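So the chains spell out like this:
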Amino acid sequence: MTLVDAAFESGLSGTSRLHDLFIKVEGMTPGEYKNGGEQLAVNYSFAESPFGTIIIASTHKGICYMAFADGEEEAALQELKNQFPNAKYRQLSDTIQQNALFIFTQDWNKLHEIKLHLKGTPFQIKVWEALLRIPMGELSTYSGLAGKLNQPLASRAVGSAVGANPVAFLIPCHRVIKSTGEFGNYHWGSTRKNAMIGWEASKLSSAQ
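A brief structural summary. Counting from 1, residues in each chain are numbered in the order their sequence is written. Since the coordinates come from a predicted model, pLDDT governs what is reported: local features require at least 70, and pairs of side-chain atoms require 80 or more to be given and counted, while whole-chain, interface and lining totals use all residues. Excluding hydrogens and water, the side-chain values take into account all heavy atoms of the structure.

**Section: the pairing of strand 3 (residues 52-58)**
Then comes step 1: Partly exposed residues are those whose accessible area sits between 20% and 50% of the maximum for their type, while under 20% is buried and over 50% is exposed, using a 1.4 Å probe and protein chains only. In this description a helix means any DSSP run of H or I spanning at least four residues, a strand means any run of E spanning at least two, and both kinds are numbered starting from the N terminus. With 5 of its 7 residues buried, strand 3 lies for the most part within the structure.
Then comes step 2: The pairing of strand 2 (residues 41-49) with strand 3 spans 7 bridges and is antiparallel. Residue pairing for strand 3: Ser 49 is matched across the bridge by Gly 52.
Then comes step 3: Counting the residues that bridge the hairpin from strand 2 to strand 3 gives 2 residues.
Then comes step 4: Pairing between strands is defined by DSSP: at least two bridges between them are needed. As judged from the 5 bridges shared by strand 3 and strand 4 (residues 63-68), these two strands associate in the antiparallel manner. Looking at the pairing, Ile 54 lines up with Phe 68 of strand 4.
Then comes step 5: Following strand 3, the chain reverses through 4 residues before pairing antiparallel with strand 4.

Structure (structure tokens):
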């Protein structure tokens, strides 16, 4: 039985919305990321998740970056700095990061609103917001997302925006699969994608 089969058998495609997350997206203004983000002050830290070590970064407005640090921490930090090369960085786990990380350990009914502060084009941000509307325990396709954006011919552009997602897991690009039903590729590996889908299914199943 595939994870998708298990999810449907568990009733996860039904009306259960107990653990839907309230994540608010605010797009950065051009001034905030102007000149490589020289006006930005970014805190970052490393943390453990069920899917491996992550690097998470925040501005005073919200989470701006989260990625899996599969190699050296210095390499993961450099990937972050590539996003905003002229920002001011400080290694600090702040309350914005801690609140977001509770997604892995807490009863999701008790989570506070998670705020994201993202650099992206208007189209990318629309796609990322569409990803956030995919309920936990459910899956979508690139063409399905394009349809929800009223741009049914934009599947390729949607795929590019999904691939550019700067916040792993919180923006659930792992919930997007191929129209054939195959889980497809994932920036941080197909095995991790399968594990995420299965983990979410088990979380919902245990809550029913």
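Having put the structure on the table, let's press on.
**Considerations on helix 3 (residues 73-83)**
Then comes step 1: Restricting attention to buried positions, one finds in helix 3 the residues Ala 76, Leu 77 and Leu 80. Axial view of helix 3: buried residues confined to an arc of 100°, hence all on one face.
Then comes step 2: For helix 3, the elements touching its buried residues are strand 2, strand 3, strand 4 and strand 5 (88-91). Working definition: the arc comes from the directions between the helix axis and the C-beta atoms, pointing outward to the latter. Note on contacts: a residue pair is in contact if any heavy atoms of the two residues lie within 4.5 Å.

**Looking at the pattern of salt bridges**
Then comes step 1: Note on definitions: salt bridges are taken to be side-chain nitrogens of Lys or Arg within 4 Å of carboxyl oxygens of Asp or Glu. Considering all chains together, one arrives at 4 salt bridges under this definition.
Then comes step 2: In this structure, Lys 61 engages Glu 26 in a salt bridge whose closest nitrogen and oxygen atoms are separated by 3.2 Å. Here Lys 61, found in the loop between strand 3 and strand 4, pairs with Glu 26, found in strand 1 (residues 23-27); they are 35 residues apart in sequence, far enough to count as distant.
Then comes step 3: With relative accessibility at 28%, the residue Lys 61 sits in the partly exposed group.
Then comes step 4: One salt bridge in this structure joins Glu 200 and Arg 175, with 2.8 Å as the shortest N-O distance. Within this pair, whereas Glu 200 is found in helix 8 (residues 190-207), its partner Arg 175 is found in the loop between helix 7 (155-163) and strand 8 (176-177), the two being separated by 25 residues in sequence.

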